[in-house]
Amino acid sequence: MRIVGRALIIRQDNVDTDVLYPGAYLNIDDPEEMREHLFEGLDSSLREKLGPDTILVVGANFGAGSSREHVPLAMKASGVSCLVGESFARIFRRNCLNLGLPLVDCPDAVARAEEGSRVEVDLDRGVVSVEGERFPIAALPEFMRRMVDAGGLIPWLRARSES
Amino acid sequence: MAHTLAEKILLAHAEVDDLAPRDVVMVRADTVMANDVSGPVAFRQMQKLGAQRVFDARRVVMVADHFVPAKDARSAALQKRLKDWAQEQGVGYYDQGRGGIEHTLLAEEGWVVPGDVIVGGDSHTCTYGALGAFGTGLGSTDIAAALAFGDFWQPVPETISVRFAGRQRGFVSGKDLILAVIAEIGVGGATNAVLEFVGDGARSLTVDERLAVANMAVEAGAETGLFPADQVTREYLAGRVTREWDELSSDADAEFSRRVEVDLNRLEPLVAAPHSPGNVRPLAEVTGTHVHQVYIGNCANGTMTDLRQAATLLRGRRLHPRTRAVIVPATQRIYRQALDEGLLGMFVDAGAMVSTPTCGACFGGGMGVLGSGETAVATTNRNFRGRMGSPDAEVYLANAYVAAAAAVAGELIDPAELIEAPAR
């Protein structure tokens, strides 16, 4: 799998899911509507920069805190195609992988990237490129890899129960 | 091969001969839980999965707690969906006014025994570690899959051993113990790991205090925070559960990725200052900070222990004119008990607002929201910017003694200025 896009940067560490999607809107269960509140506690203007080729480039322990899947659901509905981070919090990482939204840990690529940088994530070769500069990434564990290839947990489970 | 407690629990729930950190295994859940926020999103995902029924109705429980009582029509609709779904599926269900805050509730109601695996659509599902169960929080897609098939994927975590040495004194409570741990390892320090709480100090804690400690394991990034079952656990479970369970613990030669020790004899009350549970300071460093709202409650610290601690300070006193207080017993049983013990009347006489059990104020949901420029002291588990309302509000996390003392003084003070420290 190879993803190409433009970097949108959230450089702070420990960005929690409360600022990414405030609790007051947890009574929304439609992803299309969740989009309207993404990043609201952090910087609502980030929403205007989201496009179909957005790759979010983020700091360490991104997505800490609440398990609210509203965050990656809203990201996916807004066109985010991949996340490149220094590191991710556990539940957020699971939620992204489950939704078929790939994320990779690559601190060097995060340090190199600037707003709008051309970013390419090649999961097969284990490389992130930022403006042509290549950074190696650890391979996803086999299980996660198969799930991401299938498009997320739901298609993977459907395939499992059919076989 | 030697195993940690977490590895033993996972091994007993997976179809593998052995396992080691970083293996990814499918794990069977003994109980699957969701609430009025995570449930309805999970039901949508379950439909996409093509699953009509849950894997085992006896092992599924839904709790209406986040936006109860409903603050608007939309929240009411979610709660209706939760209730309708639960009744249609025939699963366990706690309606508003009949249950309480999920984690305190499920422990109290006997859903949890040591050695269990419990997954919940809420990050604080790690609270069940207090009873030696691998409780872990998942998102709604994971929950949908667990509802349908009864299992979930899990990378085997490493284990960090946290030794509590000695006995806490004065106004130190469970909250201070876990804040000391988070201060030591950081808010991401236990990512891909489990915390295991051991030592004479851990064994001396009551279940209420253990709940407060385990609850915030996720604030260090942990999958769960385990107290190996012991005499205290047995006494708590007697009369609550009929299921058999084993008293598991880590092997003496098991491998821990890190060892942390907290000397309880020297521990002073702590707070987490704005805007992170990892921004831990001694209470003495922040005394004098003016406080506009005190919140005592939530899945970490809404137990009888917390209410009794608050009562030692609020008994016969009035709140400072600057300060309002919201007090939320975590469950209906606790509410009833606090009523019987005269605590709720005492709180009302002091000028506090006493609410029925709800998660509301903790996450800026249905009530108790902070305005711009306001400062709160809360016994909750997160003080992220904007979580309790305005992004320009500040929240200090503290134990119930410290929170109640702030309500009386109108500012953060050492409770010892108001009363003598309790004997332990």
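Residues numbered from 1 in each chain as written. Chains lettered and ligands numbered in written order. Predicted model: local features only at pLDDT ≥ 70, side-chain atom pairs only at ≥ 80, totals over all residues.

Engineer: Explanation requested: the overall build of chain A in the structure shown.
Structural biologist: Helix and strand content of chain A: seven helices and seven strands. Counting helices and strands in the order they occur from the N terminus, chain A gives β-α-α-β-α-β-α-β-α-β-β-β-α-α. Radius of gyration (C-alpha) of chain A: 15 Å, near the 15 Å computed for a compact globule of 163 residues. The principal-axis extent of the C-alpha atoms belonging to chain A is close to 45 × 40 × 25 Å. When burial is assessed residue by residue, chain A has 52% of its 163 residues classed as buried. A separation of at least 24 residues holds for 69% of the contacts in chain A among residues at least 6 apart in sequence. (Helix = DSSP H or I, 4+ residues; strand = E, 2+ residues; numbered from the N terminus. Rg over C-alpha atoms; globule rule 2.2 N^0.38 Å. Buried ≥ 20, exposed ≤ 12 C-beta atoms within 10 Å, placed from the backbone. Contact = placed C-beta atoms within 7 Å.)

Engineer: What is the right way to look at the confidence of the model for chain B in this model?
Structural biologist: Low pLDDT means the predicted coordinates in that region are not meant to be read closely. On average, residues of chain B score 97 in pLDDT, and 100% of them reach the 70 mark or higher. Here the complex is predicted with pTM 0.97, and the ipTM for its interfaces comes to 0.97. (pLDDT = per-residue confidence, 0-100.)

Engineer: Is there a simple way to think about unusual backbone geometry in this case?
Structural biologist: What you tend to see is this: most non-glycine residues have negative phi, and most peptide bonds are trans. Residue and element names in this part refer to chain B. Here the residue pair Val-68 and Pro-69 is connected by a cis peptide bond, since its omega of -15 degrees sits within 30 degrees of zero. On the secondary structure map, Pro-69 appears in the loop between strand 3 (60-63) and helix 3 (73-89). The linkage connecting Pro-274 with the following residue, His-275, adopts the cis geometry, with an omega of -5 degrees. Position of His-275 among the secondary structure elements: in the loop between strand 12 (270-272) and strand 13 (280-282). One non-glycine residue, Arg-22, lies in positive phi territory at about 85 degrees. Despite not being glycine, Asn-298 has its phi angle at roughly 90 degrees, a positive value.

Engineer: For this particular structure, what's the right way to read the sheet that holds strand 5 (residues 117-120) of chain B?
Structural biologist: For sheets, the rule is that strands pair by backbone hydrogen bonds, running either parallel or antiparallel. Residue and element names in this part refer to chain B. The five strands are arranged 4-3-2-5-6 in an open sheet whose pairing can be described as parallel. A strand with exactly one partner marks an edge of an open sheet, and here the two such strands are strand 4 (92-94) and strand 6 (134-137). Here the average twist between neighbouring strands, direction ignored, is 15 degrees. (Pairing = 2+ DSSP bridges. Axes fitted to C-alpha atoms, helices over the stretch in contact; angles between N-to-C directions.)

Engineer: Explanation requested: the sheet that holds strand 9 (residues 193-198) of chain B in the structure shown.
Structural biologist: All names here are of chain B. Taken together, the four strands give an open sheet; going across it, the order is 10-9-8-11, and neighbouring strands pair in parallel fashion. In this open sheet, the two strands that pair with only one neighbour each are strand 10 (225-226) and strand 11 (258-263). By the bridge criterion, six bridges tie strand 8 (residues 158-165) to strand 9 in an arrangement that is parallel. When the bridges of strand 9 are listed, Arg-163 appears paired with Val-198. Strands strand 8 and strand 11 of the sheet are contacted by helix 6 (residues 174-185), whose axis makes an angle of about 135 degrees with strand 11.

Engineer: What am I meant to see in the nonpolar core here?
Structural biologist: Note that soluble globular proteins tend to have their nonpolar side chains buried in a common cluster. Within the largest apolar cluster, 199 residues are counted, with the highest numbers of intra-cluster contacts made by A:Val84, B:Val377, B:Ala403 and B:Ala404. When residues in this core are grouped by element, the largest group, ten residues, is from helix 15 (residues 400-409) of chain B. Of the residues that make up this core, three or more belong to each of domain 1 (5-264) and domain 2 (271-417) of chain B. Each residue touching B:Ala403, except ones within four places of it in the same chain, is listed here: B:Val294, B:Ile296, B:Ala310, B:Val377, B:Ala378, B:Thr379 and B:Ala398. (Core = buried A, V, L, I, M, F, W, Y, C linked by C-beta atoms within 7 Å. Domains from an automatic or database assignment.)

Engineer: I tried to follow the interface of chain B and chain A on my own but got confused; where do I start?
Structural biologist: How big an interface is tends to be expressed through the accessible area that disappears when the partners come together. Listed by partner, the interface residues are 42 residues for chain B and 33 residues for chain A. Sorting the residues of the side of chain B that touches chain A by element identifies helix 2 (38-48), helix 3 and helix 5 (140-149) of chain B as the ones contributing at least two each. With six residues, the top contributor of residues to the side of chain B that touches chain A is helix 2 of chain B. Tallied by class, the residues present in the side of chain B that touches chain A amount to 14 nonpolar, 19 polar and nine charged. (Nonpolar A, V, L, I, M, F, W, Y, C, P; charged D, E, K, R; others polar.)

Engineer: Looking at this structure, I do not really get the domain arrangement of chain B. What am I missing?
Structural biologist: Residues and elements named next belong to chain B. Per the domain assignment, the segments making up chain B are domain 1 (5-264) and domain 2 (271-417). Taking only C-alpha atoms into account, the centre of domain 1 sits 24 Å from that of domain 2. Taken residue by residue, the interface counts 34 residues in domain 1 and 33 residues in domain 2. Those elements giving two or more residues to the side of domain 1 that touches domain 2 turn out to be helix 4 (102-108), helix 6 and helix 8 (207-215).

Engineer: I would appreciate a short explanation of the pairing of strand 15 (residues 324-327) of chain B in the present structure.
Structural biologist: The side chains of a regular strand alternate between the sheet's two faces. All names here are of chain B. In terms of strand pairing, strand 14 (residues 293-296) meets strand 15 through four bridges, oriented parallel. Directly across from Gln-293, in strand 15, lies its bridge partner Arg-324. Sheet analysis places strand 15 next to strand 16 (residues 353-354), joined by two bridges and oriented parallel. Paired with Ile-327 across the two strands is Val-354, which belongs to strand 16.

Engineer: Any chance you could explain helix 15 of chain B here in plain terms?
Structural biologist: One turn of the α-helix equals 3.6 residues, which is why residues spaced by three or four share an orientation. Residues and elements named next belong to chain B. The element helix 15 is largely enclosed, with a buried count of ten among its ten residues. Buried within helix 15 are the following residues: Ala-400, Tyr-401, Val-402, Ala-403, Ala-404, Ala-405, Ala-406, Ala-407, Val-408 and Ala-409. The positive-phi residue at the C-terminal boundary of helix 15 is Gly-410, with phi of around 80 degrees.

Engineer: Would you explain the pairing of strand 7 (residues 151-155) of chain B in this entry?
Structural biologist: Residue and element names in this part refer to chain B. Among the five residues in strand 7, four count as buried, and that is most of the element. Here five bridges tie strand 1 (residues 24-28) to strand 7, and the two strands are oriented antiparallel to one another. When the bridges of strand 7 are listed, Arg-28 appears paired with Asp-151.

Engineer: Can you walk me through the packing of helix 12 (residues 304-314) of chain B against helix 14 (residues 343-350) of chain B in this structure?
Structural biologist: A packed helix pair is summarised by two numbers, namely the angle formed by the two axes and the spacing between the axes. All names here are of chain B. Relative orientation of the contacting elements helix 12 and helix 14 amounts to 45 degrees, with a least axis distance of 10 Å. As the angle between them shows, helix 12 and helix 14 are arranged oblique. For the pair helix 12 and helix 14, the crossing hand works out as left-handed. Along the contact surface, helix 12 presents Leu-307, Arg-308, Ala-311 and Leu-314, while helix 14 presents Leu-343, Met-346, Phe-347 and Ala-350. For the contact of helix 12 with helix 14, the class distribution of residues is seven nonpolar, no polar and one charged. (Parallel < 35°, antiparallel > 145°, perpendicular 65-115°, else oblique. Left-handed = near helix turned anticlockwise from the far one by under 90°.)

Engineer: What is the right way to look at the environment of B:Met33 in this model?
Structural biologist: Residues and elements named next belong to chain B. Relative to the helices and strands, Met-33 resides in strand 2 (residues 31-35). C-beta crowding within 10 Å serves as the criterion here: with 33 such atoms nearby, Met-33 is assigned to the buried category. Along the backbone, Met-33 and Ala-146 are 113 residues apart, and their C-alpha atoms lie at a distance of 9.5 Å. Apart from residues lying up to four places away in sequence, Met-33 is in contact with Val-61, Val-63, Glu-102, Leu-106, Ile-118, Gly-120, Gly-121 and Thr-125.

Engineer: So what exactly am I meant to see when it comes to helix 8 of chain B here?
Structural biologist: Residues and elements named next belong to chain B. Across the nine residues of helix 8, eight count as buried, placing the element largely inside the fold. Every buried residue belonging to helix 8 is among Asp-208, Glu-209, Arg-210, Leu-211, Ala-212, Val-213, Ala-214 and Asn-215, and all of these are buried. The inward-facing, buried residues of helix 8 contact helix 4, helix 6, strand 9, strand 10, helix 11 (298-301) and helix 12.

Engineer: Help me out: how do you make sense of the environment of B:Cys359 in this one?
Structural biologist: All names here are of chain B. Summarising the element assignment, Cys-359 is placed in the loop between strand 16 and strand 17 (375-378). Sequence separation between Cys-359 and Ser-249 is 110 residues, and the spatial gap between their C-alpha atoms is 33 Å. If sequence neighbours within four positions are ignored, Cys-359 has contacts with Asp-65, His-66, Ile-101 and Gly-365.

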